[in-house]
Amino acid sequence: MESSSVFCVRLSLKQRYVLLLCVAVGAVVAYQFTSMLPSWNRQEPMRMSRLEGLRANSSQFTLERKPFRVLGGSIHYFRVPRAHWEDRLLKMKACGLNTLTTYVPWNLHEPERGVFNFEDQLDIEAYLRLAASLGLWVILRPGPYICAEWDLGGLPSWLLRDENMKLRTTYPGFTGAVDAFFDQLVGRVVPHQYSQGGPIIAVQVENEYGSYAEDTEYMPFVKEALLSRGIAELLLTSDNKDGLKLGGVKGAIETINFQRLNPNDIKYLDEIQPQKPRMVMEYWSGWFDLWGNLHHVYSAEDMIPVVTDILKLDMSINLYMFHGGTNFGFMNGAFAVGIPAPKPMVTSYDYDAPLSEAGDYTSKYHLLRNLFSHYHTQALPEPPPLRERRAYLPVVIQQHLSLWDSLQFTDKPFKSERPVNMENLPVNNRNGQSYGYTLYETTITSGGVLNSKNNIRDRALVFVDRHFVGVLDYKTQELALPDGKGRRTLSLLAENCGRVNYGKSLDVQRKGLVGDVELNKQPLRDFIIHSLDMKPGFVNRLESTGHWLSMREQPSLPGFFQGKLYVNSSPKDTFIKLPGWIKGVIFINGKNLGRYWSIGPQQTLYVPGPWLHRGDNQVIVFEEQETDGKIQFASSPDYGMTVDV
C-alpha cells in the first residue's frame with residue numbers, strides 16, 4: 001500500500017485531473033458497451049437483500065416474504081458439454097424460467113471408493129456460479145439416488161461388490177458410503193445456498209422414494225445427512241401420485257410428478273399437505289427411448305394446455321426435462337417395469353424436450369416462452385442466436401485392430417475357476433469394473449449345446465477359436481456350438497448395456513457373467529477374464545500403438561476402426577451416422593460419444609463442436625459385427641420412427 005500512496009503524492013494536480021478524467025471516460029465506455037450487449041449476454045447478478053429464503057408456510061411459496069412461483073426447468077450439467085452450459089442456461093432464462101434444477105450423479109463424482117472428481121465436466125460449483133451470474137435460482141437434487149434414466153440411478157456400481165448390499169436403505173454398507181460421498185459433495189454446495197448469497201433456494205431429499213419404500217428409517221437418515229452438513233434451505237421430496245403415501249419425510253414439503261393433469265391427484269396432495277404450496281417437481285415434457293422401440297414424442301398441442309392449467313391452479317412447476325442432453329459414454333440406464341427383461345436406454349436424452357439435444361428451439365419452447373411471459377412484469381430477454389452446425393465430409397476408415405489384438409492394452413487378465421461378475425473383478429484398485437465389456441475365455445473339448453442359464457448380463461457375443469457363433473441375451477439362452485477336434489477356446493464377450501435405474505431390482509444389477517454357463521449340462525470352469533471398460537487410458541494406448549493394420553487387409557470383427565475427421569475452420573456441432581454398421585461405441589479425440597445400434601430408434605450420435613479441433617480429429621469406432629468402412633455426418637439428428645407418449 002505504501003508504494004501507491006507515494007505514487008499519489010508525486011502526481012501533480014494536473015496529472016491527477018487527467019487520470020480522473022480517463023477513469024470516468026473508461027467507466028462510461030464500459031457501461032455503454034455492456035448496455036449495448038444483447039440482453040441474453042448480460043450478466044444479471046441477484047441484487048436482492050438476503051433476509052428470508054424460500055418458505056412454504058402457506059398456500060404459496062414466499063421468497064423474502066413475498067409470493068414466489070417456481071418456474072423451473074431441468075438441465076443436467078453432466079449431460080451437456082461444459083462449453084455449452086452457458087448457451088443452454090441463457091436459452092432457459094430467455095424462455096421465462098426463473099429456476100434451474102439438476103441432479104447430482106454420485107457414480108461420476110466417486111468412480112472408485114474414496115476417489116472423487118469435481119473437475120471440468122463435473123465442476124458443480126462452476127455450474128452453480130454460472131446459474132447465479134445469469135439470475136437463475138437453483139433447486140439441487142443431490143440424491144444419493146437420482147433415477148434420471150442413468151446407470152443404477154446414479155449409484156456407484158462398486159457398492160454391488162458387497163453381496164449383501166441393500167441399496168436405498170439404512171444398511172450400514174450403504175449409509176457409510178453415502179456419508180463419505182456427502183462429506184465431499186455437501187461441503188462444496190453449502191456456500192452456494194441462498195442464505196450465503198448463492199442461488200440454491202431448495203434441496204430435494206432423495207428421489208421418488210415412495211415408489212421404493214424399503215426402509216422407514218432411510219428418508220430421515222438422508223434428511224439428517226444433509227442438515228448435519230450445513231444444508232439450511234427449504235427441503236422437498238418428489239414422488240408420483242402413488243409414491244406420495246410413503247415418499248415424504250417430516251420437515252420437507254412434498255411435490256408431485258406427472259404428465260397428464262388429474263384433478264384428483266392435486267386434491268390428494270392438498271389432503272395430505274393442507275395449506276401448503278403445490279408444486280409439480282417433474283412435469284414430464286417428453287419421455288425417454290429404449291433400444292429396439294420407437295422414439296417417444298409428446299406434442300406441444302397436448303403439453304401447453306396442461307402447463308397452462310397447472311399455472312392457473314397457482315401451482316409451481318419444473319419442466320423435466322427443459323433440455324435433456326446426452327447419455328455420453330456408457331452411462332445410460334435401463335427400464336424393467338412391467339416387461340420380462342430389462343431394456344437399455346438409448347444414448348440420446350433428447351427427451352422431446354423444449355430445447356433439443358443439440359440446443360435447438362422447438363415449437364414447445366416458443367409456445368412456453370409466450371405462456372411464461374404472462375407471468376413476468378418485464379419483457380423477457382431475447383433468445384440467443386442458434387449455433388451453427390456442420391455436416392462434415394465422410395471419414396474413410398484407414399486402419400483396423402481386432403478385439404483380440406487390443407487385449408494387450410487392457411489390464412492384466414484375471415484367472416478364476418468360476419465366472420466372476422464385472423463388479424467383483426479385482427480391477428480399478430479393487431473397485432471392480434463398472435461399464436463396458438468383459439471377455440470370458442475358457443477351453444472346450446467338444447461341441448454341443450451352450451446354455452446361459454439366464455446368467456448373462458446383458459448380452460454376449462459367442463466365439464469358438466475366435467470365429468463368431470451367435471449372441472446370447474435374455475431372449476436367446478441357448479446356442480449350438482460346432483463340433484471340432486482337440487482343445488478349442490470358447491470366448492464370451494459380455495456387455496453391460498446399462499443398469500436398471502428405477503424399480504425394485506436395483507440390488508441385483510451386477511453385470512457380466514453372474515453365475516454358471518453350461519455346455520452339454522456341465523458348468524464351464526477355468527476362465528481367463530479380460531476387463532474391457534474402454535476408459536480413456538485404454539483408448540489412448542490404442543491410439544498410440546503401431547499395431548493397427550491397413551484396411552487393405554481383411555478386418556477381423558469385433559474390432560476397432562480408425563479414421564481422421566479433418567476440420568478446416570472453427571469446429572461446429574455435428575451428428576455421426578453409421579449406415580452399414582451394426583452395434584458398437586464411438587470415440588472422438590478420446591472422448592466416448594456413446595453407443596450406436598442399428599435396431600434404433602436412434603440413428604445418429606451427437607458430436608459437440610467443442611470436443612473437436614481444427615485439423616485432424618481422431619475417430620475410433622468399436623464395432624461388434626459389421627462395417628462398411630466409412631463414417632458419415634449430418635447437420636440434424638435422426639431419432640427414428642415416432643410414437644406418441
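Provided above is the structure to which this section pertains.
These figures come from a predicted structure and were not determined experimentally.

What counts and what doesn't
- Residues numbered from 1 in each chain as written.
- Predicted model: local features only at pLDDT ≥ 70, side-chain atom pairs only at ≥ 80, totals over all residues.
- Heavy atoms only, no water.
- Pairing = 2+ DSSP bridges.
- Helix = DSSP H or I, 4+ residues; strand = E, 2+ residues; numbered from the N terminus.
- Axes fitted to C-alpha atoms, helices over the stretch in contact; angles between N-to-C directions.
- Buried < 20%, exposed > 50% of the residue type's maximum accessible area, 1.4 Å probe, protein only.
- Parallel < 35°, antiparallel > 145°, perpendicular 65-115°, else oblique.
- Left-handed = near helix turned anticlockwise from the far one by under 90°.
- Contact = heavy atoms within 4.5 Å.
- Phe/Tyr/Trp six-rings, centres within 6.5 Å; stacked < 30°, edge-to-face > 60°.
- Lys NZ or Arg CZ within 6 Å of the ring centre and 35° of its normal.

Caption draft 1: Structural view of the sheet that holds strand S9 (residues 279–284). The strand order around the closed barrel built from 8 strands is S3-S4-S5-S6-S7-S8-S9-S11, with neighbouring strands paired in parallel fashion. Neighbour-to-neighbour, the strand axes of this sheet turn through a mean angle of 30°, independent of strand direction. Of the pairings in the sheet, the one linking S9 to strand S11 (residues 316–323) comprises 4 bridges and is parallel in character. Residue pairing in the sheet places Tyr283 in a bridge with Leu319 of S11.

Caption draft 2: Spatial organisation of the sheet that holds strand S33 (residues 604–607). Pairing is antiparallel across the open sheet formed by 4 strands, whose spatial order is S14-S35-S30-S33. The outermost strands of the open sheet, each flanked by one partner alone, are strand S14 (395–396) and S33. With 3 bridges joining them, strand S30 (residues 574–577) and strand S35 (residues 630–634) adopt antiparallel strand pairing. Looking across to S35, one finds that Lys577 is bridged to Gln632.

Caption draft 3: Highlighting unusual backbone geometry. Residue Pro144 is bonded to the preceding Gly143 through a cis peptide linkage, with omega at 20°. Inspection of the secondary structure puts Pro144 in the loop between strand S5 (137–141) and helix H6 (172–189). Across the junction of Gly600 and Pro601, the peptide omega takes the value 15°, indicating a cis bond. Considering the arrangement of structural elements, one finds Pro601 in the loop between strand S32 (591–597) and S33. The backbone of Leu152 sits at a positive phi, close to 55°, despite the residue not being glycine. Along the chain, Leu152 turns up in the loop between S5 and H6. On the basis of relative accessible area, Leu152 is assigned to the buried category, the value being 0%. Look at Lys453: it is not a glycine, yet its phi comes out positive at around 50°. Lys453 sits in the partly exposed class, given a relative accessible area of 42%.

Caption draft 4: Representation of the packing of helix H10 (residues 300–312) against helix H11 (residues 363–373) in the model. With their axes 10 Å apart at the nearest point, H10 and H11 run at an angle of 25° to one another. Looking at the two axes, H10 sits roughly parallel to H11. The element H10 and its partner H11 pack so that their crossing is right-handed. For the pair formed by H10 and H11, the contact residues are Ala300, Met303, Ile304, Val307, Thr308 and Leu311 on the first element and Ser363, Lys364, Leu367, Leu368, Leu371 and Phe372 on the second.

Caption draft 5: Fine view of the packing of aromatic side chains. In this structure the tally under the stated criterion is 34 aromatic pairs. Taken together, a centroid distance of 4.9 Å and an interplanar angle of 65° make the contact between Trp85 and Tyr127 edge-to-face. Within this pair, whereas Trp85 is found in helix H3 (residues 85–94), its partner Tyr127 is found in helix H5 (residues 124–133), the two being separated by 42 residues in sequence. Just as Trp85 is buried, Tyr127 falls in that class too. Measuring from ring centre to ring centre gives 5.6 Å for Tyr320 and Tyr351, while their planes differ by 85°; the resulting arrangement is edge-to-face. Here the residue Tyr320 occupies a position in strand S11, and Tyr351 occupies one in the loop between strand S13 (343–344) and H11, the gap between them amounting to 31 residues. Grouped by ring-pair contacts, the aromatic residues Trp106, Trp158, Phe174, Phe181, Phe182, Tyr209, Tyr212, Tyr218 and Phe221 constitute a single cluster. Between Arg79 and the ring centre of Tyr349, over which it is positioned, the NZ or CZ distance is 3.6 Å. A cation over an aromatic ring shows up here: Arg168 above the ring of Tyr145, its NZ or CZ 3.5 Å from the ring centre.

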